[in-house]
Amino acid sequence: MSYSGDTRVGGPADLRQLPHLTIAKLAVGPMDNNAYLLRCRATGEGVLIDAAAEPDRILELIGERGLARVVTTHRHRDHWQALAEVVGQTGARTVAHPADGDELPVSVDEPVEHGGRIPVGESLLTVIHLRGHTPGSIALRYDDPDGHTHLFTGDSLFPGGVGRTLSDEDFRSLFTDVSERVFGELGDDTWIYPGHGADTTLGAERPSLPEWRERGW
């Protein structure tokens, strides 16, 4: 079956087969968080984005092929409740932006800044710093050499709007970064994998940018 991105807590992962990378999306925990396992098809190296909850299910998804890294998109607790156990069981290195790293339950082995690169075997993820939801929130961009861009946005961008912010200043910061660093740089066929719920594309969301700016959330 083709990938849809429609998952539910307690249900199976949805698997997307790209030419050089596989993407498995798993819904976990009481807040319907998404955990994404990326694996290089040439080397088998795996990278997990957000060890959010339910470590047993995440470890089952990882399986015997192991895990090289866990990237945490931001410091909110619902995105790292399984991090310590997953790292302890797999020996994976931890990756996060330094502005959020001190809030995580384990030390950050590989701090990353805007424009940094994270290897997934022979593939690369590019870090996009999106300030506002938290100081160190990041998105991860994968440019498929045989297709379109894939973007893992944490809680910074969802279907229908940017992530939650706690002040007008934070909203302006997040909206500006998302407008310039995401919508301003990437095409409409870019597939968005958010931290909770269903996927979307930039093309589906782009017409709503003026509305988001006006309403302030």
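Residues take numbers from 1 onward in each chain, read along the sequence in its written order. For this predicted model, a pLDDT threshold of at least 70 governs which residues receive local features, and a threshold of 80 or more governs which side-chain atom pairs are given and counted, while totals over whole chains, interfaces and linings are taken from all residues. Calculated side-chain values reflect all of the structure's heavy atoms, with hydrogen atoms and water omitted.

We now examine the pairing of strand S14 (residues 191-194). Buried residues are those whose accessible area, probed at 1.4 Å on protein chains only, stays under 20% of the maximum for their type, while exposed residues exceed 50% and partly exposed ones sit between those limits. Numbering of helices and strands runs from the N terminus, with a helix taken as a DSSP run of H or I at least four residues long and a strand as a DSSP run of E at least two residues long. Residues Trp-191 and Tyr-193 line one face of S14 and the alternating positions Ile-192 and Pro-194 line the opposite face, and both faces are buried. Here a strand pair is declared whenever DSSP counts at least two bridges between the two strands. Pairing between strand S11 (residues 149-154) and S14: 4 bridges, direction parallel. When the sheet's bridge partners are listed, Gly-154 is paired in S14 with Pro-194. Across 2 bridges, the pairing between S14 and strand S15 (residues 200-201) is antiparallel.

Glancing now at helix H2 (residues 83-90). When H2 is considered as a whole, its buried residues turn out to be Leu-83, Val-86 and Val-87. Relative to the axis of H2, the buried residues are bounded by an arc of 95 degrees and lie together on one face. Along H2, exposed side chains directed more than 90 degrees from the buried face belong to Gly-88 and Gln-89. Directly after H2, the chain includes Gly-91, whose backbone phi takes a positive value near 75 degrees. The arc in question is the one traced by the directions running from the helix axis out to the C-beta atoms.

Each salt bridge in this description consists of a side-chain nitrogen of Lys or Arg and a carboxyl oxygen of Asp or Glu lying within 4 Å of one another. Per the stated rule, a full pass over the model turns up 11 salt bridges. Asp-199 is paired through a salt bridge with Lys-25; the nearest N and O atoms lie 2.6 Å apart. On the criterion of sequence distance, the pair formed by Asp-199 in the loop between S14 and S15 and Lys-25 in strand S2 (residues 21-28) is long-range, its members being 174 residues apart. Overall, Asp-199 belongs to the buried group, its relative accessible area being 13%. You can call Lys-25 buried: its relative accessible area is 0%. A salt bridge links Glu-54 to Arg-57; the nearest nitrogen and oxygen atoms lie 3.3 Å apart.

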